[in-house]
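Tertiary structure, described
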Amino acid sequence: MIVTVTLNPAVDCSMNVTGYTENAVNRADFQHLTAGGKGINISVILKRLGIQTSAYSFCGGETGRLFCNLLDNTGLDYSVIWLENQRTRINFKLKHGKYETEINGTGTEISSEILDDFISDLDKKLSNNDILVLAGSIPPSSPPDTYAYIMKRLSHRNIRIVADTSGKPLLEILPYRPFLIKPNNHELADILGRPVNTPDEASAGARELQKMGAGNIIVSLAEKGSVLLTADGTEYRIKAPKGTVKNSVGAGDSMLAGFLAGLEKTGNFVLAHVLGTACGSATAFSDGLAEKSEIIRVLNEMFPDTQLVQNFFGIEF
């Protein structure tokens, strides 16, 4: 089982505007609402790949009810912790020409008492060998060591913890030796204080984070592919498939979900890296999170032998 936790979810409102004009009234060509948040996105892709997953999140207010209604449409197994007198945030994602502009709302407030109760409940529900994914930003009202605190509270359990976050929250978790982290090149550069634009620079940066406590590390480099550094120091690099990029939102989440799905299905880091790359690229080539059919299409371009894909990943066509 792969369990995802999203502390700072959102109702994502995506719009496309042709001929966007600043400081003027613009009309959208389309508007699409989804239940957003990195952990939610990861669980959606996992479910589409046939992996057992459960998503945990926090929400409140009328926007929280909308968030739950949107989650119902995904068919996910999910649980929300209701926050009284709070409102789930709304994130706006505007596409105009070749540009994407995001305006992210502020998060809800999670008290220390509510967080402690949640961790206790999570401890009871997790089974040994489960994977727990802590994904996304931490609400501004919560301390940056919140993920580290969760990891400390669960350190007695035989579970693998994956973290997909950035900045100080990422640095705070490293002493607790996460099983896997997945910074992109910009997030890695922010931590290191130097540019990370090439696979060589990504490799060097990943090795620095590994010395600080990280186990396995994936550094994504958008169209330049990604670098995987395993806990034993083995390094793998993969190029990104070619295609028309339509969307960057959720591509990194899809990559992580694909990697975890590949690891669950095959136990092989190389194959997991391949499936992760296919999932991330498939979402980048789609208007939203990639459907299973698009993931399979990209996989088949990477491996033209359809039977090979089926044998590797056990994905039903």
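A count of helical and extended segments in the protein chain gives 11 helices and 13 strands. For 317 residues, the compact-globule formula gives about 20 Å, and the C-alpha radius of gyration of the protein chain, at 19 Å, lands near that figure. Here the C-alpha coordinates of the protein chain stretch approximately 50 × 50 × 40 Å along the principal axes. Out of the 317 residues in the protein chain, the part that is buried amounts to 51%. Taking the intrachain contacts of the protein chain between residues at least 6 apart in sequence as the baseline, contacts between residues at least 24 apart amount to 63%. Carbon together with sulfur atoms contributes 48% to the accessible area of the protein chain, which is approximately 14600 Å² in total. Computed over 30 positive and 35 negative side-chain charges, the separation of the two mean positions in the protein chain equals 3 Å.

This part is about the pattern of salt bridges. In this structure the tally under the stated criterion is 15 salt bridges. E102 is paired through a salt bridge with K93; the nearest N and O atoms lie 3.1 Å apart. Owing to a relative accessible area of 9%, K93 belongs among the buried residues under this scheme. Its salt-bridge partner being E208, residue R194 comes within 2.5 Å of it at the nearest N-O pair.

With that out of the way, let us pick up the environment of S142. Structurally, S142 is set in the loop between β8 (131-135) and α4 (146-153). For S142, a relative accessible area of 12% translates into the label buried. Considering only alpha carbons, one finds S142 and L154, 12 residues apart in sequence, at a separation of 19 Å.

Counted under the stated rule, the structure contains three aromatic pairs. Between F259 and F269, the ring centres sit 6.1 Å apart and the planes meet at 50 degrees, which makes this aromatic pair tilted. Linking F259 in helix α8 (residues 251-266) with F269 in helix α9 (residues 269-284), this pair joins segments that are 10 residues apart in sequence. The exposure class of F269 is partly exposed, given its relative accessible area of 25%. Members of the aromatic cluster, joined through ring pairs, are Y56, F58 and F118. Taking NZ or CZ as reference, R160 lies 5.6 Å from the ring centre of F179, over its face.

It is worth spelling out the sheet that holds strand β9 (residues 160-164) at this point. Strands sit in the order β5-β4-β1-β8-β9-β10-β11-β12-β13 across an open sheet of nine strands; the sheet is mixed. A single partner strand is all that each edge strand has here, and the edge strands are β5 (78-82) and β13 (235-238). In terms of strand pairing, strand β4 (residues 53-59) meets β5 through five bridges, oriented parallel. Across the sheet, the residue bridging to A55 is Y78, located in β5. Running at roughly 175 degrees to β5, helix α2 (residues 61-72) makes contact with β4 and β5 of the sheet. Contacting β11 (216-220), β12 (226-229) and β13, α9 crosses the sheet at an angle of about 30 degrees to β13.

Now for the nonpolar core. One finds F118, L122, L132 and I181 to be the most contacted residues of the largest nonpolar core, which totals 42 residues. Beyond its immediate chain neighbours, meaning those up to four positions away, L132 contacts V3, V5, L122, L126, L154, I159, R160, I161 and V162. In this structure, I2, A135, L271 and I295 belong to the second largest nonpolar core, which totals 37 residues.

A word on unusual backbone geometry. The backbone of N129 shows a phi angle near 75 degrees, a positive value even though the residue is not glycine. Even without being a glycine, A222 presents a positive backbone phi close to 55 degrees. Along the chain, A222 turns up in the loop between β11 and β12. A222 gets classed as exposed once you look at its relative accessible area, which sits at 56%.

This part is about the side chain of D253. Assignment of secondary structure puts D253 in helix α8. Looking at D253, the relative accessible area reads 4%, which means it is buried. A polar side-chain atom of D253 sits 2.8 Å from a polar atom in the side chain of N41. Setting aside its immediate chain neighbours within four residues, D253 contacts K38, N41, I42 and D164.

What counts as what
Residues numbered from 1 in each chain as written. Predicted model: local features only at pLDDT ≥ 70, side-chain atom pairs only at ≥ 80, totals over all residues. Heavy atoms only, no water. Helix = DSSP H or I, 4+ residues; strand = E, 2+ residues; numbered from the N terminus. Rg over C-alpha atoms; globule rule 2.2 N^0.38 Å. Buried < 20%, exposed > 50% of the residue type's maximum accessible area, 1.4 Å probe, protein only. Contact = heavy atoms within 4.5 Å. Areas by Shrake-Rupley, 256 points an atom, 1.4 Å probe, with all protein chains shown as cover. Lys, Arg positive; Asp, Glu negative; His and termini not counted. Charge placed at Lys NZ, Arg CZ, Asp CG, Glu CD. Salt bridge = Lys/Arg side-chain N within 4 Å of Asp/Glu carboxyl O. Phe/Tyr/Trp six-rings, centres within 6.5 Å; stacked < 30°, edge-to-face > 60°. Lys NZ or Arg CZ within 6 Å of the ring centre and 35° of its normal. Pairing = 2+ DSSP bridges. Axes fitted to C-alpha atoms, helices over the stretch in contact; angles between N-to-C directions. Core = buried A, V, L, I, M, F, W, Y, C linked by side-chain atoms within 4.5 Å. Polar contact = N/O pair within 3.5 Å; in protein donor to acceptor, adjacent residues only side chain to side chain.

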